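If you want the building blocks of each chain, they are given just below.
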Amino acid sequence: MERRYSKELRDIILSLILIAISTAVFLTATTIPHRGYDLLGAAFLPKALAIGIGVLSAGLLLKSVLLMLQARRTVRPVEQEETKTEAKQEYAEPPYRRRPGVGFGLIIITAAYIALLGSRLVSYAIATAAFIIVSASMMSIFEKPRNRLVRMLAVVGTALVLAYGLQYIFTQVFITDLP
Amino acid sequence: MATFLAELTNVFTVWSLFFMFIGVFLGCTVGAIPGLSGSMLIALSVPLTYYMDSVHAMRMLVSMYVGAISGGLISATLLRVPGTPSAVVTTFDGFPLARSGDPGRAIGVGVYASFFGGLISWLFLVLLAPLLARVALRFSSWEFFALVLMALVLIAALGSGTFVKAIISGFLGLLLATPGLDPIDSTKRLTFGFSQVTGGLGLLPVLIGMFGISQMITDTVELEKRVERVPLKFKGMFLTLKQLKSHSINLIRSSVIGTWIGILPGIGGVLGSIPAYGAARNASKEPEKFGHGSEEGIVASEAANNATINGALIPMITLGIPGSVITAILMGALILHGYTPGPMLFGKSPDIVFSIISTALVANVFMFVVMLGFGMVIARLTDLPKSFLVTAILVFCVIGTFGLNNRIFDVWLMFILGLIGFGLEKAEVPLGPFIIGFVLSPIAESKLRSALMSSKGSFLPLVTRPISLVFTLVALATLAYALYQEVVVPARAQFKRRRGDTS
């Protein structure tokens, strides 16, 4: 059942978020002063777009709710349909396990890397090398390399070359002040 | 003409050739690696070009565009995974032909078709761009506003995803460009207390976040994705004149279709190859071979998707309206280098216009050489572990965004937009309209407001001026068609199904 409604549920969540954003933008836009230099003023576009997004999201919400209710009422040969879809997917691409946990881990590591750069506690090269080693090592676990030691050495080598190479190029060639 | 010839000779300087070769090689490589895209490569390269001479910068970026669209052929043929969305149709016949024992032939046919597609559409670029720019000089604010409106509706209606979600995406892009100082009266708006936003949200954090970060998260989640591989062989890669001649009509037809679809504002290469493929199948003596390794199918798809490149450059150079997502990024690069894309560009900066046009030709030749000469090397690069690619690209995302203004705020902005982009993609909201909306927002707003000032608040010129009327009608017709497809067609199908159930 969860699978059957997942698309509608996702659209409902999306439209609710969009309605909340458009409401916030509209309310903020009402505080923008109109200087009278032109007819529409600075608030016009944000307000118009907020209304547009709000209305379209409301439509999407209504459609998703109706589809969900309709799916509940009608009895469909769900199992048969799902088997068919799975077979089609298998033809399109071989099955594989998705790793949302690794994706989440990468988001956290990247956020930590940006925070470290912003804090200026360590140099750019050290922060970058550490970021590459940590994130590439985490991903390598799931890539199952033939020789883990060789992979680790490659990761460390890449990290050092990239981090110090970029630091050199940006500070010495492009004359940019890196964090 | 004299400027064009002078610029054409400038192409053959060592540095120009070097940047074009690098651009094509990187483009082909990135285009061939599933999970990386030309949009991402070009968005990531824009900050690096900031330190370069503008002409060399545009040469490299345009070359990347040519390479990225062409490189998709390698993975589409050898892995059945389109490296770029525009190579989707190539998988239909490229992979079956490669698997039947002729991978060299499949790649060879595709490379030749890409080359001729690029060449034919380049002729259109050279002939049409100056004419269109001259016509566009007569456009008033109303025509430009109607054109932007048409571009947004077209990309939402004909792009990927549902129409409503695509329109929402376009609106979000337009909205994201509004914070900062108002373009007409400089009123501060939607800054939410952040002084860094006063100058507006930068194009680079938006582009790199949307195309770089979101794609890297997706690639990490799909870390264990494996594909069937066909090893590439040199045998059959080079075609004889007789073999080429047998494809000549298909080549010309598909290139013309691709060019015209590329010209349509906001639509990229994916759409170019579909009608070309259909037309080739209809005209073929062996339509039953299509989908089973037909050379004609590969020719149609590859000629058309490469032809869209030059097609898409036409509205970008002449009207300041991007013909595809990548040209939206190229437009951003032009703006960063201090140019204003649009009809005035021809008069004010002919050097940059003609350098783009000449690069489109030379990069096409480089593409031919790189794909045939280094195809085997590029095919091997698709084996690179994702852990290396993802982390290296993330490092480039961060340094590229930081390097432009030396602000960590921009890096956070890019990161957050990347997460938003990832969320939007998961919700099947296409990112193309978002980027095009973001790029076109300032034009749309300033043109509408100055147009209304000139008409004293009346919207009538939108329908009383012939050119703006045409653009408005096309926008309305596309809107009606899209709504019909999204609302009426499914409702009718459901009604029929129900009637069938009850009877």
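Attention in this report is confined to the structure presented alongside it.

Looking only at helices and strands, chain B has 21 helices and two strands in total. Taking 503 residues into account, the globule formula puts the C-alpha radius of gyration at 23 Å, and chain B, at 22 Å, falls close to it. Its C-alpha atoms give chain B principal-axis dimensions of about 75 × 65 × 50 Å. A buried classification covers 61% of the 503 residues belonging to chain B.

This part covers the interface of chain A and chain B. On the side of chain B, 65 residues touch chain A, which itself brings 72 residues to the contact. Summed over both sides, the interface between chain A and chain B buries roughly 6,100 Å², with carbon and sulfur atoms accounting for 74% of that surface. Across the chain A-chain B interface, the total number found is four salt bridges. Applying the counting rule to chain A against chain B returns 11 residue pairs in polar contact (both at pLDDT 80 or more).

All names here are of chain B. The geometry of helix H13 (residues 295-319) relative to helix H16 (residues 350-381) is characterised by a closest axis approach of 11 Å and an angle of 175° between their N-to-C directions. Here H13 is positioned roughly antiparallel relative to H16, judged by the angle of their axes. Contact with H13, carried on its side by Asn 306, Asn 310, Leu 313, Met 316 and Ile 317, involves Val 353, Ile 356, Ile 357, Ala 360, Asn 364 and Met 367 of H16 and no other residues of that element.

Any two side chains of opposite charge can pair if their charged atoms end up close together. All chains considered together, the criterion is met by 15 salt bridges over all chains. A salt bridge links Lys7(A) to Asp11(A); the nearest nitrogen and oxygen atoms lie 3.9 Å apart. Here Lys7(A) pairs with Asp11(A), and both are found in helix H1 (residues 2-29), just four residues apart, close to one helical turn. With relative accessibility at 5%, the residue Asp11(A) sits in the buried group. Measuring nitrogen to oxygen at the nearest pair gives 2.7 Å for the salt bridge that ties Arg449(B) to Asp38(A). Of this pair, Arg449(B) sits in helix H19 (residues 432-454) while Asp38(A) is found in the loop between H1 and helix H2 (44-73), placing the two residues in two different chains. The same class applies to Arg449(B) as to Asp38(A), namely buried. Three or more residues joined by partner-sharing salt bridges are found here, namely Asp38(A), Asp182(B), Asp185(B), Arg189(B), Glu445(B) and Arg449(B).

Another point: a nonpolar patch on the surface. Residues Leu483(B), Tyr484(B), Val487(B), Val488(B) and Val489(B) make up a contiguous nonpolar surface patch of about 380 Å² in total accessible area. Structurally, the position occupied by Val488(B) is in helix H21 (residues 466-502).

So, on to helix H9 (residues 203-221) of chain B. Residue and element names in this part refer to chain B. A rise of 1.5 Å per residue sets the reference length of H9, with its 19 residues, at 27 Å; its end C-alpha atoms lie 27 Å apart and thus fit the reference within 8%. Along H9, the helix axis deviates most sharply at Gly 209, where the bend reaches about 35°. For H9, a buried count of 19 out of 19 residues is recorded, marking the element as mostly surrounded by other parts of the structure.

Residue and element names in this part refer to chain B. Ranked by internal contacts, the top residues of the largest apolar core, which has 192 residues, are Ile 42, Leu 125, Met 210, Leu 313, Ile 317, Leu 330 and Ile 435. Tallying contributions element by element places H16 first for this core, with 16 residues. Not counting residues within four places of it along the chain, the set of residues in contact with Ile 317 comprises Leu 125, Gly 342, Leu 345, Phe 346, Val 353, Ile 356 and Ile 357.

Calculation rules
Residues numbered from 1 in each chain as written. Chains lettered and ligands numbered in written order. Predicted model: local features only at pLDDT ≥ 70, side-chain atom pairs only at ≥ 80, totals over all residues. Heavy atoms only, no water. Helix = DSSP H or I, 4+ residues; strand = E, 2+ residues; numbered from the N terminus. Rg over C-alpha atoms; globule rule 2.2 N^0.38 Å. Buried < 20%, exposed > 50% of the residue type's maximum accessible area, 1.4 Å probe, protein only. Contact = heavy atoms within 4.5 Å. Buried area = accessible area lost by both parts, 1.4 Å probe. Salt bridge = Lys/Arg side-chain N within 4 Å of Asp/Glu carboxyl O. Polar contact = N/O pair within 3.5 Å; in protein donor to acceptor, adjacent residues only side chain to side chain. Axes fitted to C-alpha atoms, helices over the stretch in contact; angles between N-to-C directions. Parallel < 35°, antiparallel > 145°, perpendicular 65-115°, else oblique. Patch = residues over 30% accessible without salt bridge, like charges linked within 9 Å, V, L, I, M, F, W, Y side chains within 5 Å. Areas by Shrake-Rupley, 256 points an atom, 1.4 Å probe, with all protein chains shown as cover. Expected span 1.5 Å × (residues − 1). Bend = angle between axes of the 7 residues up to and from the residue. Core = buried A, V, L, I, M, F, W, Y, C linked by side-chain atoms within 4.5 Å.

This is a description of form; function is not addressed.
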